[in-house]
Structures are given as structure tokens and as C-alpha cells.
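Chain by chain, the residues run as shown.
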Amino acid sequence: MCHPSDFEHFMIISGIELRCFFLYYTAIYRPVHGLIFLFKWKPDDEPSGSIVQDSRLEKIFFAKQVINNACATQAILSILLNCNHSDMQLGTSLTQFKEFSHGLDASMRGLSLSNMEEVRLVHNSFSRQAMFEFDSCAAKKDDDVFHFVSYMPIDGRLYELDGLKDGPVDLGPVPKTADWLDVVRPVIERRIQKYSADEIHFSLMAVVSDKRMTYIKRLEELQRSLEDSDMETSDMSTEINELQLIIKEEDEKIHKFKVENIRRKHNYLPFIIELLKILAKEGQLVQLYEKAKLKSEDKAKKDTKRKEKQLKERTAK
């Protein structure tokens, strides 16, 4: 799945980041511009509300998903192209696309989005590299198919943005005095409750303002105040030092994230094949294989015993 910071790398957007999110710990990341929900898709999945078909479509950016395996990218873009927060700055490419697609229907928007070069570069950069090509085939009836949808408030109402639907799904009003996260929480909970009790394949992420930018703004404010007054208090000095430390930590996190991304996307298969060739040539491959096989079988036996013991303990209770 791509990350908003990767759109920033291609100068498409800035001021936004993606975080894992917990519905019951909402105060950690504020403001939350939208939520992205991952779940196991069902063919008979009915909308939780009414499909918008009136003049609101002129204000809501909604695009149909016209290509496979693009729901994660489209879920992020659905939030970015509907967000008007001052922390977020759309780049030239997305701004021009938003203006160009204003008069298009959902299908044409989806087609235009799939042909947008910058977005395609970001999306394709996350595809796994492989040495071998396999014939693609459609998902079978018993195969697990996962899907991403977005939730966000727009003009005082809560919407679900799902590229597989015919339009935005209106989930009802968000009271002026209420937090929209409190409104969306039961919607997501009801969706999860549709599945069996042992189903755990869910994930929730939040598109939030980049904390690093908030810290930098506050640091600049303090530094300006210091220049204007020419007096440095102990509290001000302490806060400046803390902010500098936090910004440094955030920079290190970003660097670590970029390194992890490079490693995750790198194709290690040629290296592995070459290593296997060398081991085979030196007569060590079979020996190492047998050793690894025994280790794997031993681990499987221990896991089986541990599960049997846990089952007995639960039964005894």
C-alpha cells in the first residue's frame, strides 16, 4: 500500500501522513482528515447508507475504480482530493487534475485517474519486483479478496467513499457539537460485526496532518518571539530544546521509513538464486536444506504441543 509521504516525494502533496489508528484512542493524532478501512470483501456487500445522486456530487470528488489492485491508492486519493484543511497542500498535478475532472462523471474520473502519470509512478513503485512472470487469473470463489474504503466528513455529513460503489455513500449527519470520529465508530463496528467472531483481517489507518510541520511552525513562532523581545525565558528555552529534539526524532523516523520502503520493494530474488547456486557448487545446499527441514519440523511439533496444552487448559476451566 502506498503512503501519502510517497506522493510528497513526487511533489503531488505535502503536509499529510498516514498512521495506524485505533477507534478508542482518537486523541493521539489530531486533526484526523479521513479514515481508510481494510476488510475482506464480500460480493453481496450492501451500502450502509444511501448512494448520493443529487447536486452534492458537484462538491464531492468521487471516482470509480476502473483497474484492479488500486483500491488502496484510490482510498488515499479520495481523502486527499476532498480535504480542504490548511495543513494539506495539493501539488500542481493533483490541483490541475481536480480542476480538470470537476465536470466528469465517476467512471471518467476513475479512467482519468488511472492514466495520471505521477499517480501511476507512485502506485507502481510499490509493486513487488519478481524474476518470474506468472499468468494472472481471476480470484476463485474461496479466495480471500481484500478491499480499502475511505470515511470522511464533508460539509457536515459523513460519507463512505468506495470506488466499487456507484457513488459516495451518505452515512448521515455529523452534529456541529460532535466529533466525526464518534459518528464513524459505530459504522465501522457494525461492518466488522457482519463477519464471524474469529475473523481478524481488518486494519484501520488515519490520514492526519504531518506532526513534524506542526512542531516546525511552533519552533519558528518561538524563535520569532525571541528575536522580537530579545529576552529568553527558561520556559521558552526548554520548549525550543524539546521541539528541536522532537523534530530530529521525526526526521529519523522519516529516514527509517524510506529505508524500509526501499528494502521492502527491492527484488532480492536474483541474490537468493545466486547464493543457492554457490552453495550447490560447494556441496553445502543439501546439508543446509536438511538442517532447515529438521528445524522446521521441530518447531511445528513444539507449536502443536503448545496449542494442545492451551486447549486442555481452556477445557479444564
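The model shown is predicted, which means the values in this text are computed figures rather than measured ones.

Criteria and cut-off values
- Residues numbered from 1 in each chain as written.
- Predicted model: local features only at pLDDT ≥ 70, side-chain atom pairs only at ≥ 80, totals over all residues.
- Heavy atoms only, no water.
- Helix = DSSP H or I, 4+ residues; strand = E, 2+ residues; numbered from the N terminus.
- Expected span 1.5 Å × (residues − 1).
- Buried < 20%, exposed > 50% of the residue type's maximum accessible area, 1.4 Å probe, protein only.
- Polar contact = N/O pair within 3.5 Å; in protein donor to acceptor, adjacent residues only side chain to side chain.
- Phe/Tyr/Trp six-rings, centres within 6.5 Å; stacked < 30°, edge-to-face > 60°.
- pLDDT = per-residue confidence, 0-100.
- Contact = heavy atoms within 4.5 Å.
- Pairing = 2+ DSSP bridges.
- Salt bridge = Lys/Arg side-chain N within 4 Å of Asp/Glu carboxyl O.
- Core = buried A, V, L, I, M, F, W, Y, C linked by side-chain atoms within 4.5 Å.
- Axes fitted to C-alpha atoms, helices over the stretch in contact; angles between N-to-C directions.
- Parallel < 35°, antiparallel > 145°, perpendicular 65-115°, else oblique.
- Left-handed = near helix turned anticlockwise from the far one by under 90°.
- Nonpolar A, V, L, I, M, F, W, Y, C, P; charged D, E, K, R; others polar.
- 1 Å grid on protein atoms, 1.4 Å probe; cavity = no way out; pocket = protein on both sides within 12 Å on 5 of 7 lines; lining within 4 Å.
- Points joined across faces, edges and corners; volume = space filled by probe spheres on them.

To continue, consider helix α6 (residues 180-193). An ideal rise of 1.5 Å per residue puts 20 Å on 14 residues; α6 measures up with 21 Å between its terminal C-alpha atoms. All of the buried residues in α6 are Trp180, Leu181, Val183, Val184, Arg185, Val187, Ile188 and Arg191. The backbone nitrogen of Leu181 lies 3.0 Å from a side-chain oxygen of the residue at the head of α6, namely Asp179.

Here we take up the side chain of Ser209. Relative to the elements of secondary structure, Ser209 occurs in strand β9 (residues 203-209). Owing to a relative accessible area of 5%, Ser209 belongs among the buried residues under this scheme. A polar atom in the side chain of Ser209 sits 2.8 Å from the side chain of His33.

Further remarks concern helix α8 (residues 234-265). The end-to-end C-alpha separation of α8 is 47 Å, in line with the 46 Å expected for 32 residues at 1.5 Å each. Taken together, the buried positions of α8 are occupied by Met236, Ile240, Leu243, Ile247, Glu250 and Asn261.

Per the counting criterion, the structure on display carries 3 aromatic pairs. Between Phe37 and Phe202, the ring centres sit 5.9 Å apart and the planes meet at 5°, which makes this aromatic pair stacked. Here Phe202 lies in the loop between α6 and β9 and Phe37 lies in strand β3 (residues 32-40), a separation of 165 residues in the sequence. Taken together, a centroid distance of 6.0 Å and an interplanar angle of 65° make the contact between Phe61 and Phe97 edge-to-face. With Phe61 in the loop between β4 (50-51) and α2 (71-80) and Phe97 in helix α3 (residues 92-100), the pair connects residues that are 36 residues apart, well separated along the chain. Taken together, the aromatic side chains of Phe37, Phe39 and Phe202 make up a single cluster linked through ring pairs.

Here we take up the confidence of the model for the protein chain. Taken residue by residue, the protein chain gives an average pLDDT of 81. The fraction at 70 or more is 83%. Here helix α1 (residues 4-9) stands out as the least confident element of the protein chain, with mean pLDDT 48; strand β7 (residues 157-161) is the most confident, with 95. Segment residues 1-12 is flagged for pLDDT under 50; beyond a separation of four residues in sequence, or across chains, it makes 51 contacts in the model. Note on residues 133-137: pLDDT is under 50 here. Beyond four places in sequence and across chains, it has 0 contacts.

Where burial is concerned, most of strand β8 (residues 169-173) is hidden: 4 out of the 5 residues are buried. Sheet analysis places β4 next to β8, joined by 2 bridges and oriented antiparallel. Looking across to β8, one finds that Ser50 is bridged to Asp170. Where β7 meets β8, 3 bridges bridge the pair, whose relative direction is antiparallel. When the bridges of β8 are listed, Tyr159 appears paired with Asp170.

The next thing to look at is the pattern of salt bridges. One pass over the full model with this rule turns up 15 salt bridges. Of the charged contacts, one joins Asp182 and Arg185 as a salt bridge, the two residues approaching to 3.1 Å between their closest N and O atoms. With Asp182 and Arg185 both in helix α6, this residue pair falls 3 residues apart, about one helical turn. Judged by relative accessible area, which is 40%, Asp182 ranks as partly exposed.

Most often, soluble globular proteins have nonpolar side chains that are buried together. Core analysis: the largest hydrophobic core is formed by 31 residues, its most contacted members being Ile36, Leu77 and Phe148. Contributing elements (two or more residues each) for this core: β3, α2, α3, α4 (106-114), β6 (146-154), β7 and β9. No other element matches α2, which puts 7 residues into this core. Counting residues in hydrophobic clusters, the runner-up holds 20 residues, among them Val174, Leu181, Val187 and Leu204.

Attention now goes to the packing of helix α7 (residues 211-229) against α8. Relative orientation of the contacting elements α7 and α8 amounts to 150°, with a least axis distance of 9 Å. Taken together, the axes of α7 and α8 lie roughly antiparallel to each other. The two elements α7 and α8 meet at a crossing, and its hand is left-handed. Packed against α7, whose contacting residues are Arg212, Tyr215, Ile216, Arg218, Leu219, Leu222, Gln223, Ser225 and Leu226, the element α8 presents Met236, Glu239, Ile240, Leu243, Gln244, Ile246, Ile247, Glu250, Asp251 and Ile254 at the interface. Of the residues in the contact of α7 with α8, the class split is 11 nonpolar, 3 polar and 5 charged.

So, about empty space enclosed by the protein. Taken as a whole and judged by the stated rule, the model has 1 cavity of 30 Å³ or more. Estimated volume of the largest cavity: approximately 40 Å³. Contributing to the lining of the largest cavity are Gln65, Cys71, Gln74, Ala75, Ser78, His147, Phe148, Leu161, Asp162 and Gly163. Listing elements by their share of the lining of the largest cavity, those giving two or more residues are α2 and β6. Residues belonging to the lining of the largest cavity are distributed by class as follows: 4 nonpolar, 5 polar and 1 charged.

The phi angle at Asp155 is positive, at roughly 50°, despite the residue not being glycine. Summarising the element assignment, Asp155 is placed in the loop between β6 and β7.

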